[in-house]
Amino acid sequence: IFFRSVHSAMQMPHQIVSEFKKYEISIEKAKEDEAFHNKIQDPSIAQPILQLIARRYAATAPPLGPALHIAPRVFLSAYLCIGRGFLEPSDPIEGGLYTVALDLLSTFEAVCGLMLEGGDADKVGGELQAFANRWQEFSSKFRVWKQEDAKRLIAHYIATYLQVERARKAMLLDEVKEEVPTFFQEIRRQLVQVGGAAAIEQLELELESLRGDSPQEAPGGTSGAVSGSAPAAVSPEAAPQPQPRPATDAPVANPGPSPPAAGAAPDAGAPRSPPAAPRPLKEAEAQTLKEAYAKAKLAHEAVCDFAPAAEPSGMDQLRGIAERAFWDVLEAEVSTDPPEYARVGALVDEVIEVLSGCLPKDKNFKEELEASLDWSVLQRTLSAELLRNFVVYVMGKVMELEAPAHVKETQKATDDVCAELEGEFRPGLVVKALKLVMRKVRELQEQVAHYQRQMARMHLRPNAVVLQQQYVTTALALGRMQFTRTRSWLQHSLAQHFPQRPRNLTCGQAYVGVVTEGVLDLLQAPQAANVWTVPESLHFDMPNIVHFQNRVQHVTLVVCIVNIVAMICGQKRLSLGNDELSRLKQQLDHSLTQPSTTLPALTSEVVAFLTTCMAAPFRASHAAAAVTEQDADLIKSMLSKTANTEDQVFAVFRGKIVGALSRLCRAPAGGAAVPLFASPMLQIVEGDVRSLGQQLRQVIANNTAVYSQFYYTMISELVLVVPEEGSSDEEVVVHAEPKVADQKVEQIAADDIDEL
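Residues numbered from 1 in each chain as written. Predicted model: local features only at pLDDT ≥ 70, side-chain atom pairs only at ≥ 80, totals over all residues. Heavy atoms only, no water.

(A) Local environment of the packing of helix H11 (residues 342-358) against helix H12 (residues 363-372). For the pair H11 and H12, interaxial distance at closest approach is 9 Å and the crossing angle is 160°. Relative to H12, the element H11 is oriented roughly antiparallel. Handedness of the crossing formed by H11 with H12: right-handed. Contacts from Ile352, Glu353, Leu355 and Ser356 in H11 reach Phe365, Lys366, Leu369 and Glu370 in H12. Per-class residue counts for the contact of H11 with H12 are four nonpolar, one polar and three charged. (Axes fitted to C-alpha atoms, helices over the stretch in contact; angles between N-to-C directions. Helix = DSSP H or I, 4+ residues; strand = E, 2+ residues; numbered from the N terminus. Parallel < 35°, antiparallel > 145°, perpendicular 65-115°, else oblique. Left-handed = near helix turned anticlockwise from the far one by under 90°. Contact = heavy atoms within 4.5 Å. Nonpolar A, V, L, I, M, F, W, Y, C, P; charged D, E, K, R; others polar.)

Laid out in structure tokens, this is it:
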């Protein structure tokens, strides 16, 4: 940096500006390039040009005026502040910071342009003065924002520390337990770096609270590992990782939690100030909260279980690795001389627990299992015959209890293992037999748990709203729930969709409109819903929100691809029939849900579909019917652009789909169905949108019924009821029904899409 500064002092101003421009650092790049922060990791790249500006300003400023000191790290952070999705414009602090950062950089680029062109000295002096004013304003606002960001960062580190500590207490980290102390030390180091001794003191308070809470875990938390089986390893790295944030002159490593999604509440991320530690729960209180949570969760699933089963995650992969390691260790132990059967005994105990748990009220059944599977007796005379009898007995009990559809497969697997046990006894057979027994026993456990949940849902469904309200009341009374994100989310919905704050929002069930628009905003958010972005009142519905987000993106992408195919055909002055478009949609519905689908594969599929359609007898004679390489390249280019959710065409189609969902949610129950779309491109997905609208309507109806009192109170507090002259409560209709003119507007939108 020193030699670069000396060198810059010997250069002409236009040379310094030209060298800085080689780094391609500009407002446009910062807004478009997602990896832009990599370009400004080295603050010294801005040192020469900022020193030049400071010298030129000192030469033109009043003699007694303050000197201009510009910190390169802070200055370059202004480019991050205007980056895509980095700050939330509706937030008072972040919105103000975005505005002054943009003003500062605009003035900076104007100054650079004048110095590069050798502009008039007076004009350059005026721009330098404007730059100095913008710099002072930005640096002060940035300092305030960074203080708030540090609070969020501290809260994120502490939450991560507590999450890993809970997992460690539940003995879920045995596979990586040696790494946990290092992980904790790193978090403490970062806390000291960001918040000093006060942050460590806050962490210790949270840990003390956690120790006091040890008899109970958070509702829905993980339980300990099953006896005898390898526990599912939970790596500390599985904790949510933060995103890059602008840095101050003080080094701040591994910054705070990711920014809120667009459409989410401004404060939807980590709390801006660390919450006070809740008091430890007594054992009776913890049990009451657990029972209320379990009933509320099942009741909610009974009426709003629309999200598909979760796909295998990294945790499942870790569990599989641990499982294979467990069986390898077991085989090594039973192969020693004399054999080591300690783990086998633990597995036999687990078999007894699982089988007896399927009939919890039948005490005789458990006594029979314990007498027949007494491992202390079995291990003394373990042989091929004894192992075969063990397998036959356990699998017989499994077939008595499992669904009839699985009996045939279970019997065949049992016969195969027993046939192998007829020969020479070897240690590998012990492992193979126990693998079969444990697999079938755990499958039986899953079947029984599934049917138990189904029965519980049927029983709880009639009182679903009441049970969820009871849980909310209990959690609030025990200090285990707050509505910080919910309030900010409602405030954001009001600002976006009801800027005039009409007084009738506090009348009747008008709050349903605010909640509905807020949920629809979440569906258009650029990032998936998570615990940082979803309001507390939608906690149970987070899987549904993620599912709805995915469905909206899927349907929008289908429409975009169908539009591309129609456009290619239009260039050839040909058209596709409704049957062909429906067949294309079916193919896309299948392809877009496959994890192995890539852009080249999707391009090939679309090209193959077009080739087949163009080969039809009534089109083959057309001169331009053939699909050329240029057509394939054009399709690939358009697919690549459309796959970006920030694409303008994608945004227009998604906006029309979400608008249709809004109309479906606001339509009166039992009313006549009216067409949702006038555009043929959108009509092809009308069935999907209607199905999604019904599910969304059910989720909103259940949610607003449960939280009606809280929504009404919060919205009443947020709406400033200040009557104006000549105004009345009836002037603004919140739940307006779709008008006949909507079809005309829809047609105009379709024309706009064609033009785009």
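(B) Local environment of the packing of helix H14 (residues 384-401) against helix H16 (residues 427-460). Viewed as axis vectors pointing N to C, H14 and H16 meet at an angle of 15°, and their least axial separation amounts to 10 Å. On the basis of the axis angle, H14 is roughly parallel to H16. Every pair of crossing elements has a handedness; the one defined by H14 and H16 is left-handed. Of the residues in H16, those in contact with Leu387, Phe390, Val391, Val394, Met395, Val398 and Leu401 of H14 are Leu429, Val430, Ala433, Leu434, Leu436, Val437, Lys440, Val441 and Leu444. A per-class count over the contact of H14 with H16 returns 15 nonpolar, no polar and one charged.

(C) Representation of the packing of aromatic side chains. Per the counting criterion, the structure on display carries 19 aromatic pairs. Among the aromatic residues, those joined into a cluster by ring pairs are Phe483, Trp489, Tyr511, Tyr707, Phe710 and Tyr711. (Phe/Tyr/Trp six-rings, centres within 6.5 Å; stacked < 30°, edge-to-face > 60°.)

(D) Highlighting the environment of Phe326. As for its position among the elements, Phe326 is in helix H10 (residues 314-334). When the C-alpha atoms of Phe326 and Arg343 are compared, they prove to be 9.4 Å apart, with 17 residues separating the residues in sequence.

(E) Layout of the nonpolar core. Of all hydrophobic cores here, the largest spans 92 residues; its most connected members are Tyr471, Leu490, Val689 and Leu696. Among the elements that take part in this core, helix H20 (residues 542-571) stands out by supplying 13 residues, more than any other. Non-local contacts of Leu490, meaning those with residues more than four positions away in its chain, are made with Val514, Val515, Tyr711, Met714, Ile715 and Leu718. (Core = buried A, V, L, I, M, F, W, Y, C linked by side-chain atoms within 4.5 Å. Buried < 20%, exposed > 50% of the residue type's maximum accessible area, 1.4 Å probe, protein only.)

(F) A look at the side chain of Asn703. Considering the arrangement of structural elements, one finds Asn703 in helix H27 (residues 686-706). For Asn703, a relative accessible area of 3% gives the class buried. The contact partners of Asn703, leaving out residues within four places of it in the chain, are Val515, Ser537, Leu538, Asp541 and Tyr711.

(G) Expanded view of the environment of Gln202. With respect to the helices and strands, the residue Gln202 is situated in helix H8 (residues 180-212). Judged by relative accessible area, which is 18%, Gln202 ranks as buried. Linking Gln202 and Ile154, residues 48 residues apart in sequence, is a C-alpha distance of 9.1 Å.

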